[in-house]
Amino acid sequence: MTVKDQTGVAAYTGTEAWRGIQLAADEINSGDMLDGSKLEVEVKDTAGDVQTAASHVTQAAADSSVSAILGPVLSDQALAVAPIAGKSEVPVVYTQAGSEGIVDEDWNFRATPPLVTYYPKIGQYLEKQGATSVNTVFAADIPTLEQLSHDVLPSVGEDSGFQVGEQVATQSTTQDYAGPVNKAIADDPDALGLLMVGAQISSAMQAVIQSGYQGEVVSYPNAAPAVAEIGKAAAGVTWPTNFDSSIDTPEVKAFDEAYTEAYDGTATNYAAEGYDSLMWVAKAIEEEGCATRDAIKTGLEKVGQAGFTGTQGELTFEANGHDARSDGYVVQWDGEKIVVLEQ
């Protein structure tokens, strides 16, 4: 069972993850990884709502035919779901959902390295650009993005020679970004961080372009579709990521080819994370030779403790095999495509 946003503000992340999950299921079921057994995966839409996510997981946990759940992408939903997984003793594997506390509850696993663990790479980039001042516009109701603005960037700045000044809080429902952007750039910082969700990044970028701001613009992986939509005017936007289709590894190349054939597009980090999450479950079943909830939980821990190579690179796991980590990459939009600056 997959429980992810298919509609609403974060639909892009959930629908892309679902695409990756389907590609993994096709690969697993067409091969001999599980000795002829097949994985059946269906999706439930959380529609950006915490209670809906909790309800879907509660129903799935009560269904004995559900051996594992691929959980929500948004941290607020994941935080609501995690106690249900623990109480019901059903393994839940999340993508994204980077807030603290999610995998503290037993039976919860995270296949995406939390953004805050590789985001410090942006500090190396800003230091090379000579940035000494950074302001932000961020979605205050998204815990991970608030943490990036309030905690991670200031901490990174201490090591990279910049200070974080004005931090303009918005909401995930904000539509007009002219005011917040103008407030953030009023003192002409060397760099501006745009930390919001989905189409909001596009709206904020348009406001930056219209303002004439000439400093560095940094963001996070959600920026990829926004800069592609804007095109040349968004050239120079930079962010750290755990995946990009231009990264030169066999796993990325194979996944991107499969994605392009299936969906006539370029693979995204959300799709890659979805793929890796189901592959982790399949490896757990293969490890234990059994698909009960207990066996999958044990298998996930064993595979996590050993680590494995996925579309996101060499994945290691903390928290007794529950929480993914990777080194990450720094990428930049050059006006036509994403290029890898540091690999």
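This is a predicted model, so every value here is computed, not measured.

(A) Spotlight on empty space enclosed by the protein. For the structure on display, the rule yields 2 cavities of 30 Å³ or more. Considering the residues around the largest cavity, the lining is formed by 24 residues, among which Val73, Leu74, Gln96, Ile142 and Tyr220 are closest to the centre. Secondary structure elements with two or more residues in the lining of the largest cavity: α1 (11-30), α4 (115-118) and α6 (143-160). Classifying every residue of the lining of the largest cavity gives 16 nonpolar, 8 polar and no charged. Within this model, the second largest cavity holds a volume of roughly 50 Å³.

(B) Up close: the layout of surface pockets. Within this model, the largest pocket holds a volume of roughly 410 Å³. If you trace the largest pocket, you find 20 residues lining it, with Met1, Leu39, Glu40, Ser65 and Ser67 closest to the centre. Contributions of two or more residues to the lining of the largest pocket are made by β3 (69-71) and α11 (269-288). Looking at the lining of the largest pocket, the element that brings in the most residues is α11, giving 3 residues. Taken together, the residues of the lining of the largest pocket break down into 13 nonpolar, 3 polar and 4 charged. In this structure, the second largest pocket occupies an estimated 300 Å³ of space. Around the second largest pocket, the lining comprises 19 residues; the ones closest to its centre are Ala224, Asp244, Ala267, Thr268 and Ile338. Those elements giving two or more residues to the lining of the second largest pocket turn out to be α9 (223-230), β10 (238-241), α11 and β14 (329-333). Per element, the largest residue contribution to the lining of the second largest pocket is 3 residues, and it comes from α9. Here the residues of the lining of the second largest pocket sort into 12 nonpolar, 5 polar and 2 charged.

(C) Molecular detail of α9. Residues Ala223, Ala226, Val227 and Ile230 constitute the buried set of α9. One face of α9 carries all of its buried residues, which in axial projection span an arc of 90°. The inward-facing, buried residues of α9 abut α8 (199-211), β10 and β14. The first or second residue beyond α9 is Gly231, which carries a positive phi of 90°.

(D) Region of the structure containing the packing of α11 against helix α12 (residues 293-306). Packing of α11 against α12 brings their axes to within 7 Å, and their N-to-C directions diverge by 105°. It follows that α11 is roughly perpendicular to α12 by the angle criterion. The segment α11 lies against α12, with Trp280, Val281, Lys283, Ala284, Ile285, Glu287 and Glu288 engaging Ala295, Ile296, Thr298, Gly299, Leu300, Lys302, Val303 and Gly304. Considering only residue class, the contact of α11 with α12 consists of 8 nonpolar, 3 polar and 4 charged.

(E) Structural context of the pairing of strand β6 (residues 133-139). Across the 7 residues that make up β6, a large majority, 6, are buried. Alignment of β6 against strand β8 (residues 191-195), held across 5 bridges, turns out to be parallel. Looking at the pairing, Phe138 lines up with Leu195 of β8.

(F) Structural context of unusual backbone geometry. Its identity is not glycine, yet Ala47 carries a phi of approximately 55°, on the positive side. Topologically, Ala47 is positioned in the loop between β2 (43-45) and α2 (50-61). The partly exposed category is assigned to Ala47, whose relative accessible area is 40%. Of note, the phi angle at Asp264 is positive, near 55°, even though the residue is not glycine. Topologically, Asp264 is positioned in the loop between α10 (250-263) and α11.

(G) Spatial organisation of the packing of α2 against helix α3 (residues 75-88). Two numbers describe how α2 lies on α3: the axes approach to 8 Å, and their chain directions differ by 20°. The pairing of α2 with α3 is recorded here as roughly parallel in orientation. In this structure, α2 meets α3 at a crossing whose hand is right-handed. Note on element contacts: α3 touches α2 through Asp76, Gln77, Ala80, Val81, Ile84 and Ser88, opposite Val50, Ala53, Ala54, Val57, Thr58 and Ala61.

(H) Structural view of the pattern of salt bridges. What the rule picks out here adds up to 9 salt bridges. Across the pair Lys337 and Asp334 runs a salt bridge whose closest N-O atoms are separated by 2.9 Å. Lys337 gets classed as partly exposed once you look at its relative accessible area, which sits at 45%.

About the thresholds
- Residues numbered from 1 in each chain as written.
- Predicted model: local features only at pLDDT ≥ 70, side-chain atom pairs only at ≥ 80, totals over all residues.
- Heavy atoms only, no water.
- 1 Å grid on protein atoms, 1.4 Å probe; cavity = no way out; pocket = protein on both sides within 12 Å on 5 of 7 lines; lining within 4 Å.
- Points joined across faces, edges and corners; volume = space filled by probe spheres on them.
- Helix = DSSP H or I, 4+ residues; strand = E, 2+ residues; numbered from the N terminus.
- Nonpolar A, V, L, I, M, F, W, Y, C, P; charged D, E, K, R; others polar.
- Buried < 20%, exposed > 50% of the residue type's maximum accessible area, 1.4 Å probe, protein only.
- Arc of directions from axis to C-beta.
- Contact = heavy atoms within 4.5 Å.
- Axes fitted to C-alpha atoms, helices over the stretch in contact; angles between N-to-C directions.
- Parallel < 35°, antiparallel > 145°, perpendicular 65-115°, else oblique.
- Pairing = 2+ DSSP bridges.
- Left-handed = near helix turned anticlockwise from the far one by under 90°.
- Salt bridge = Lys/Arg side-chain N within 4 Å of Asp/Glu carboxyl O.

What is shown is where atoms sit, not what they do.
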